[in-house]
Amino acid sequence: MKHAMANVGAEQNSHPKKTPMSIQPPSALQLVSKIPRILPHERVFPIQIGSELFKLSGASISSDAPSYFSQFFQSQVKQAEENGEDISTAIRTLYIDRDPMTFRDISLHLQGYHVQPRDATHFVRLFADAQFYSLPKLISQLYEESIFTSIGHREFQIPRELFTDPGNSPNFFSLGFAIFFSTPDDLFPGLDREGLLRPPSIVPPSVPHRSADTFAELLHLLRGYPVSIRDEEHRASLLRDCRYFNFKGLEQRLIPHAISFNQARQREEIVLRIRDILKSGITVATEPTPTDHLAGWVNYARPFVDDRSYELVLEIGEESTRLQFGPGSVRAEFFREARSRVAKLFEVIATKLNLPPTTQPLGLLMARGGASSQPPTPGNTPLSEDLVRVILDPEASVMLDGRPWVPEEDYQFGYSGAGLGVSSGGGNMSAPSSAGGAMGGQDSPMSSSTPLPLGRKRRRVDSHGFGASGTGTGGVEEWIIRSGQWRLRIQGAKNGKAAVECVLVAVKLDAMSSEQSRNAQRGFLGG
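What counts as what
Residues numbered from 1 in each chain as written. Predicted model: local features only at pLDDT ≥ 70, side-chain atom pairs only at ≥ 80, totals over all residues. Heavy atoms only, no water. Helix = DSSP H or I, 4+ residues; strand = E, 2+ residues; numbered from the N terminus. Contact = heavy atoms within 4.5 Å. Areas by Shrake-Rupley, 256 points an atom, 1.4 Å probe, with all protein chains shown as cover. Axes fitted to C-alpha atoms, helices over the stretch in contact; angles between N-to-C directions. Parallel < 35°, antiparallel > 145°, perpendicular 65-115°, else oblique. Nonpolar A, V, L, I, M, F, W, Y, C, P; charged D, E, K, R; others polar. Core = buried A, V, L, I, M, F, W, Y, C linked by side-chain atoms within 4.5 Å. Buried < 20%, exposed > 50% of the residue type's maximum accessible area, 1.4 Å probe, protein only. Pairing = 2+ DSSP bridges. Phe/Tyr/Trp six-rings, centres within 6.5 Å; stacked < 30°, edge-to-face > 60°. Lys NZ or Arg CZ within 6 Å of the ring centre and 35° of its normal. Salt bridge = Lys/Arg side-chain N within 4 Å of Asp/Glu carboxyl O.

**Regarding the overall build of the protein chain**
Next up, step 1: Each helix and strand in the protein chain was counted, giving 15 helices and 18 strands.
Next up, step 2: When contacts within the protein chain are restricted to residue pairs at least 6 apart in sequence, long-range pairs at least 24 apart make up 65% of them.
Next up, step 3: Total accessible area on the protein chain is roughly 28,200 Å²; 53% of this is exposed by carbon and sulfur atoms.

Right under this line is the structure:
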C-alpha cells in the first residue's frame, strides 16, 4: 500500500502543475503559421509607391488581407500558374501614385509592428490610405485610435469613447466629420469606389474660431473630472461651447442648479432658471387632497443626467415679473422673453396632462391664422389666463424694497379648500397696500388665490393713476419682482378654461414696490 502511494506521488511529481510562468509565448514560426496563405509566404512582391520601391513578402501582404495588394498579386500568381510560367518572372511591379512616407508606416504595419498616429496630419493620411488600400486590420485599428483635432490652433488627441456617450452624441464632430465616425465596413461613406483612382482629400477636424482653453476644460469634464467654475462668465463660456459642439449631456451638468432635500416638505427639490428648462424633463406628480383630487406639482429631471425627478422650483429673474394685487386674488404678469418661456412651459405641462393645446374655438382660431400665429402668452394655453394666478402664503420669504417683509399681526390669512382665496374669518377681501414710507418699510402682505389680508383700504391714487408707492391704475397694488423662485402647483379650477389650472406658489421673492425703491438700489458705473 505504501509502495502504491509512493508510485502515485512519483507520478504526480513527474507531471508538475502548470503555472502562468511556465506558459511559453508562441514562437515566430507559430505566429507566421497563423497568417493565411493568400500569397506564397516566401515570395517577395514589389510595390512602387510614388518614387520609392518597396519589397514585401507574401506573408506580410497576407497578414492584412484581403486587400488591394493581395488581390493584385493573387491574380498574377493564378495567371502564371495557369500559363505554366515561372512566378518569379511573371510577377510585375505594382505602381501606385501615393505618398511613400505614409506607406513606410503601412509597410511597418504589414511587417507586424504597431503603428501609432503621431499627429492629426499623420492620422488622416494613414486613415485615407488604409481605406484606399482596403487593409481591414489597419482600418479597424485606426477606428479604435483617438481622434486628432485642432481647436483654436491647438492640437487635441481625444479618445473616441468620449464622443459616444448617449447624452453627448451626435455632436459637432460626429456630424461634421462623419467619415471618422462611420463603420469600418463603410469605406468613404457616400462615395462609389468603382473606378476610384485615389481617395478624396481629407482634412483633420479643425475649429479655429473656438477657445482652446475652454475646449480643454470640456474634455476634462467629459473624462469625469470636476472643473471649478470661477464665476458666471466662466460658466457662460463653458455652456456656450457646449451648445456649439452639441454636448447636451455635459450642458445639463453645467447649467446653474441646486438639488436639496426639503425637510419641511419631505421631498427633494431642484432649482432651475426658466431659460434652462427642457420639455423632455418635465413631469407632473399628482398629489390629491381631500378637497382637490386633481392637485399635483410639476417635477423636473435634467435629461441625460438625472435618474429621477425632483420637485421643480422655477427661478424667473431680470425684473420680468409684475405682481398685481386685485380683489380676491394676486396675479403675475410676465414681460419680454419670460412671457413666451412661461407660455411654452404651460403648453408642455398641458400636454403632459393630456389637455388640448388651446381652448379657443376652431373657427376663431383659424380666422386669426391658426395656433402657430398666436402670440406665446400664458392666456393662449388651457392652464391659465394671461395674468397667472399666484399663491403667496406665510411660508414665502420676501424681500421688499431691500428689507425683509413680515406680515403684521392683525393680518389674517384665509384658505379655502380649493385654494381660491376665501377667508375663513369672513368679511370682504381687499387689495393689500404698502404701509411704509417712500423706501418701503413694513409693506403689505403678499396675497394670492389663498391668503389675503382683511379690511385694508386702498391707497389714495393721484391724477395719473399711480399711488405713492407701488399702486397702479385704479389703486391696484403692484410689485416688480427683481428675482423670484416659484413652485408650480396643479389644482382644480371651478370656472377656468379647463378642469385644472397651473398656479405659481411663491418660494422666495426679491420685490420692489416703487420706482424710487428701484432707483435706491442702483449702483454707479464707477463703483
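So that's the structure; there's more coming.
**Considering the packing of helix 10 (residues 212-222) against helix 11 (residues 232-245)**
Next up, step 1: Interaxial distance between helix 10 and helix 11 falls to 10 Å at its minimum, and their mutual angle equals 80°. Between helix 10 and helix 11, the crossing angle belongs to the class labelled roughly perpendicular. Note on element contacts: helix 11 touches helix 10 through His234, Ser237, Leu238, Asp241, Cys242 and Phe245, opposite Thr214, Phe215, Glu217 and Leu218.
Next up, step 2: Counted by class, the contact of helix 10 with helix 11 contains five nonpolar, three polar and two charged residues.

**Topic: the nonpolar core**
Next up, step 1: Of all hydrophobic cores here, the largest spans 65 residues; its most connected members are Phe215, Phe247, Leu323, Ile349 and Leu488.
Next up, step 2: Considering each element in turn, this core owes the most residues, seven residues, to helix 13 (residues 336-352).
Next up, step 3: Once you skip the residues sitting within four places of it in the chain, Leu323 turns out to touch Val330, Arg331, Ala332, Val390, Leu392, Glu477, Glu478, Trp479, Ile481, Trp486 and Leu509.
Next up, step 4: If you look at the next biggest cluster of nonpolar residues, it comprises 37 residues, including Ile49, Ile61, Phe69 and Phe123.

**Section: the pairing of strand 10 (residues 296-300)**
Each regular strand displays side chains that alternate between the two surfaces of the sheet.
Next up, step 1: Of all five residues in strand 10, five are buried, a share of seventy percent or more.
Next up, step 2: Examined bridge by bridge, strand 9 (residues 282-286) and strand 10 share five bridges and lie antiparallel to one another. Paired with Thr286 across the two strands is Gly296, which belongs to strand 10.
Next up, step 3: By the bridge criterion, two bridges tie strand 10 to strand 17 (residues 477-492) in an arrangement that is antiparallel. Residue pairing in the sheet places Trp297 in a bridge with Arg489 of strand 17.

**What to know about the pairing of strand 5 (residues 154-158)**
Next up, step 1: Relative to strand 5, strand 4 (residues 147-151) runs antiparallel, the two being bridged by five bridges. Bridge assignment links Ser150 to a residue of strand 5, and that residue is Glu155.
Next up, step 2: Count of turn residues in the strand 4/strand 5 antiparallel hairpin: two residues, of which Gly152 carries a positive phi of about 60°.

**Digging into the sheet that holds strand 5**
Next up, step 1: Across the sheet, which stays open at both edges, the three strands sit in the order 5-4-6 with mixed pairing between neighbours. Single-partner strands in this sheet number two, and they are strand 5 and strand 6 (206-207).

**Thoughts on the sheet that holds strand 3 (residues 94-96)**
Next up, step 1: The strand order across the open sheet built from three strands is 2-1-3, with neighbouring strands paired in mixed fashion. Edge positions in the sheet fall to strand 2 (52-57) and strand 3, since each of these pairs with one other strand and no more. Recorded for the sheet is a direction-independent mean angle of 25° between the axes of neighbouring strands.
Next up, step 2: Bridge analysis of strand 1 (residues 44-49) against strand 3 gives three bridges, and the strand direction is parallel. Across the sheet, Ile47 pairs through a bridge with Leu94, a residue of strand 3.
Next up, step 3: Helix 4 (residues 68-83) rests against strand 1 and strand 3 of the sheet, and its axis sits at about 150° to strand 3.

**Some remarks on unusual backbone geometry**
Next up, step 1: Cis geometry marks the peptide bond from Ala65 to Pro66, where omega comes out at 0°.
Next up, step 2: With an omega of 5°, the peptide bond between Ser169 and Pro170 qualifies as cis.
Next up, step 3: Assignment of secondary structure puts Pro170 in the loop between strand 5 and helix 9 (172-176).
Next up, step 4: The backbone of Glu318 sits at a positive phi, close to 60°, despite the residue not being glycine.

**Looking at the packing of aromatic side chains**
Next up, step 1: Under the criterion given, the structure shown has 22 aromatic pairs.
Next up, step 2: For the pair Tyr68 and Phe132, a centre-to-centre distance of 6.3 Å together with 25° between the ring planes defines the contact as stacked. Highlighted residues: Tyr68 in helix 4 and Phe132 in helix 7 (residues 120-132), separated in sequence by 64 residues.
Next up, step 3: The class of Phe132 is buried, set by a relative accessible area of 7%.
Next up, step 4: With 5.1 Å between their ring centres and 75° between their planes, Phe156 and Phe215 make a pair best called edge-to-face. Taken together, the positions of Phe156 in strand 5 and Phe215 in helix 10 put the pair 59 residues apart, joining distant regions of the chain. Per residue, the accessibility class of Phe156 equals that of Phe215, and both read buried.
Next up, step 5: What links up through ring pairs into an aromatic cluster is the set Phe156, Phe172, Phe173, Phe215, Tyr244, Phe245 and Phe247.
Next up, step 6: Its guanidinium or amino end placed over the ring of Phe132, Arg98 lies 5.8 Å from that ring's centre, counting from NZ or CZ.
Next up, step 7: Over the face of the ring belonging to Tyr244 we find Arg210, whose NZ or CZ atom lies 4.2 Å from the ring centre.

**So, the pattern of salt bridges**
Next up, step 1: One pass over the full model with this rule turns up 28 salt bridges.
Next up, step 2: Put simply, Asp129 and Arg98 hold a salt bridge, and the shortest N to O gap is 2.6 Å. Pair noted here: Asp129 is in helix 7 and Arg98 is in the loop between strand 3 and helix 6 (100-110), with a separation of 31 residues, a long-range link.
Next up, step 3: Here Asp129 falls in the buried class, since its relative accessible area comes to 2%.
Next up, step 4: Note that Glu319 and Arg518 form a salt bridge whose closest N and O atoms lie 2.8 Å from each other. Residue Glu319 is found in the loop between strand 11 (310-316) and strand 12 (321-326), and its partner Arg518 is found in helix 15 (residues 515-520); the two are separated by 199 residues along the sequence.
Next up, step 5: The exposure class of Arg518 is partly exposed, given its relative accessible area of 26%.
Next up, step 6: In this structure, a network of salt bridges that share partners links the residues Arg265, Arg267, Glu269, Glu287, Glu311 and Arg487.

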